[in-house]
Protein chains: 4
Amino acid sequence: MKAVAVIGPGTCDEPLAAQAREVGRLLAEQGVALVCGGHGGVMEAAARGAHEAGGTTIGILPGTDACEANRFIQIPIVTGMGEARNVIIIRSAQAVIAIGGEFGTLSEIAFALKLGVPVIGLNTWKLARENEPVSIGVEAQTPAAAVAAALEKIR
Amino acid sequence: MKAVAVIGPGTCDEPLAAQAREVGRLLAEQGVALVCGGHGGVMEAAARGAHEAGGTTIGILPGTDACEANRFIQIPIVTGMGEARNVIIIRSAQAVIAIGGEFGTLSEIAFALKLGVPVIGLNTWKLARENEPVSIGVEAQTPAAAVAAALEKIR
Amino acid sequence: MKAVAVIGPGTCDEPLAAQAREVGRLLAEQGVALVCGGHGGVMEAAARGAHEAGGTTIGILPGTDACEANRFIQIPIVTGMGEARNVIIIRSAQAVIAIGGEFGTLSEIAFALKLGVPVIGLNTWKLARENEPVSIGVEAQTPAAAVAAALEKIR
Amino acid sequence: MKAVAVIGPGTCDEPLAAQAREVGRLLAEQGVALVCGGHGGVMEAAARGAHEAGGTTIGILPGTDACEANRFIQIPIVTGMGEARNVIIIRSAQAVIAIGGEFGTLSEIAFALKLGVPVIGLNTWKLARENEPVSIGVEAQTPAAAVAAALEKIR
């Protein structure tokens, strides 16, 4: 089964949540499983969208209790490994959609770039090194464009 | 969704594989997801049984490639963390059925006992300390008895 | 630098602590670094013995705070990975001395046997499979014998 | 014992190596242990500088063999957890100096920012979000300034 990770902050405002929910829905409609960190914010909104469309939702949790998963997670994976679980999210997906993002999201983008997993960004981090911009991959403007780009990467 | 882990060696003889397959089938028939290490032997036989009965099969892989999962794994979780993934198998299940077992299985039994996850054994390790036997939990004689004991633990 | 892991329970009685302290002292006197889980009980007693003899003490901690290390740990490694840190203790040593032990210790013995790291036991677990005893390696009767066996393994 | 992490790419040119070596030397002269990823490039140069000044050098290795550590690592910690070891590097230090950097370094900077470990950058990543620059912490221009800033953070 194909899987795409949706990464983003654990708390977010309504517009970002709407984008994440739309991304989740569109992935599920294409028969793609959603992998995320299992917590709130962007993770919960994406899982909600996928769940409402009948999709499979996988939450790779940092803590030691499956109950910390948001209510739209069908399959909680309980790592007990804290932030180290971010690597597992990236490794378990064939592409990553980053929506907004705090520092945890940045670590996941970095792992994806390091490991060669395609990244699609939606209102997320911009990087530069020695005053030269470094692309994270695709920069999408809408949920539909982000999902289309992800699907193309995992085809 | 309830999940039970089936743990055991990555290579096994036909009688042990038949037991594991039967355990996987019975779990799936009860609507319980199967969590395992995703490799061969007991893991593959259990996943096969669950898959053939229409169940959900989750493989927590030690390596860095989803392709190392056996062909009956529906949801591969790619940890890249080697043997440390054994902890995740245990934490992600509400009960553990140990079938046969080499040293990796022993580490998983130990983690389950440490973390308070119920263990049901089927032809597996026996423990003693200071010449006193230490029970691993339930010792079942058949796949059906093992699954019944596991279901009782997670009810 | 050669390193030997001393593993054992986080709380222990005085006789076991005395054995662990003696093991730590003897390792340090041979110029061997001590690796342990960094907590109390056998871990603290071994670190104390090594520290008092001027040895190097490394504590591989499960939590997220260096302050959880016992006061004899010179080098705290803060994993934040809970029980998964047990694998790191084993991988970072060339031999393992198990003193007493609860289930965490059992998981470490299992990892050592799985990974081929020599194990020396002192009042620790006994294993059997299909009613056949399975040796954990060397069973020592005294701290001096345990350290001598470990030194022979890492020579 | 205080510890500072030096993070950076596994291969680097001579000027960057010279900076890393100087950073390692200055840390050792202040009695601060060096934590790094244990591999080549910036990691090796920093370890070399610290080692030559009589300092303690700790290498948190991603692989399964202590032999992968560079020859200036006194204490190899063998995680076998791949990139997940980046979290351990950050958690085991009280401050982080980032020198140059590829995507692995970026993940470490992100973890440090997430976990509240002070970051000092030397020719490293620049970040922005929604076209607003996001500071990684201190941007130093020389090894001496980087070490001075790190020492101030851990005082």
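Residues numbered from 1 in each chain as written. Chains lettered and ligands numbered in written order. Predicted model: local features only at pLDDT ≥ 70, side-chain atom pairs only at ≥ 80, totals over all residues. Heavy atoms only, no water.

Tracing the sequence through the fold places Q19 of chain A in helix α1 (residues 14-29). Residues contacting Q19 of chain A, with those up to four places away along its chain left out, are I99, L122, N123, Q141 and P143 of chain A. (Helix = DSSP H or I, 4+ residues; strand = E, 2+ residues; numbered from the N terminus. Contact = heavy atoms within 4.5 Å.)

Here we come to the relation of the copies chain C and chain B. Screw-axis analysis of chain C against chain B gives a translation of 0.0 Å along the axis, an RMSD of 0.0 Å, and a rotation angle of 180 degrees. Between the two chains, the operation in question is that of a two-fold axis. Measuring from the rotation axis to each C-alpha of chain C, the shortest distance belongs to S107 of chain C, at 2.1 Å. A shared binding surface is used by both copies, with 96% of the interface residues of chain C retained as interface residues in chain B. (Least-squares fit on C-alpha atoms with pLDDT ≥ 70 in both.)

Turning to the confidence of the model for chain A, a few remarks are in order. Per-residue pLDDT for chain A has a mean of 97; in total, 100% of the residues score no lower than 70. Confidence metrics for the complex model read pTM 0.97 and ipTM 0.97. (pLDDT = per-residue confidence, 0-100.)

For the rest of this paragraph, the subject is the interface of chain C and chain B. Across the boundary between the two partners, chain C contributes 24 residues, which contact 24 residues of chain B. Across the chain C/chain B interface, buried area totals approximately 2300 Å², and carbon plus sulfur atoms make up 71% of it. Of all residues in chain C, E83, F103 and R129 of chain C bury the most surface against chain B, accounting for 26% of the area lost on that side. The tally of links from chain C across to chain B stands at two salt bridges. Close ionic contact of E102 of chain B with R129 of chain C constitutes a salt bridge, the shortest N to O distance being 3.2 Å. (Buried area = accessible area lost by both parts, 1.4 Å probe. Salt bridge = Lys/Arg side-chain N within 4 Å of Asp/Glu carboxyl O.)

All right, on to the pairing of strand β3 (residues 57-61) of chain C then. Residues and elements named next belong to chain C. For β3, a buried count of five out of five residues is recorded, marking the element as mostly surrounded by other parts of the structure. Along β3, one buried face is formed by T57, G59 and L61 and the opposite face, lined by I58 and I60, is buried too. Bridge count between strand β2 (residues 33-36) and β3: three bridges; the pairing is parallel. Counterpart to V35 in the pairing with β3 is I58. Taken together, β2, helix α2 (residues 41-52) and β3 constitute a β-α-β crossover, and its handedness is right-handed. (Buried < 20%, exposed > 50% of the residue type's maximum accessible area, 1.4 Å probe, protein only. Pairing = 2+ DSSP bridges. Right-handed = clockwise from strand over helix to strand, strands pointing away.)

All names here are of chain A. An order of β4-β3-β2-β1-β5-β6-β9 is seen for the seven strands of this open sheet, with the pairing classed as parallel. Each of the sheet's edge strands pairs with one partner strand only, and the pair in question is β4 (75-78) and β9 (138-139). Pairing of strand β1 (residues 3-7) with strand β2 (residues 33-36), which is carried by three bridges, proceeds in the parallel orientation. When the bridges of β2 are listed, A5 appears paired with V35.

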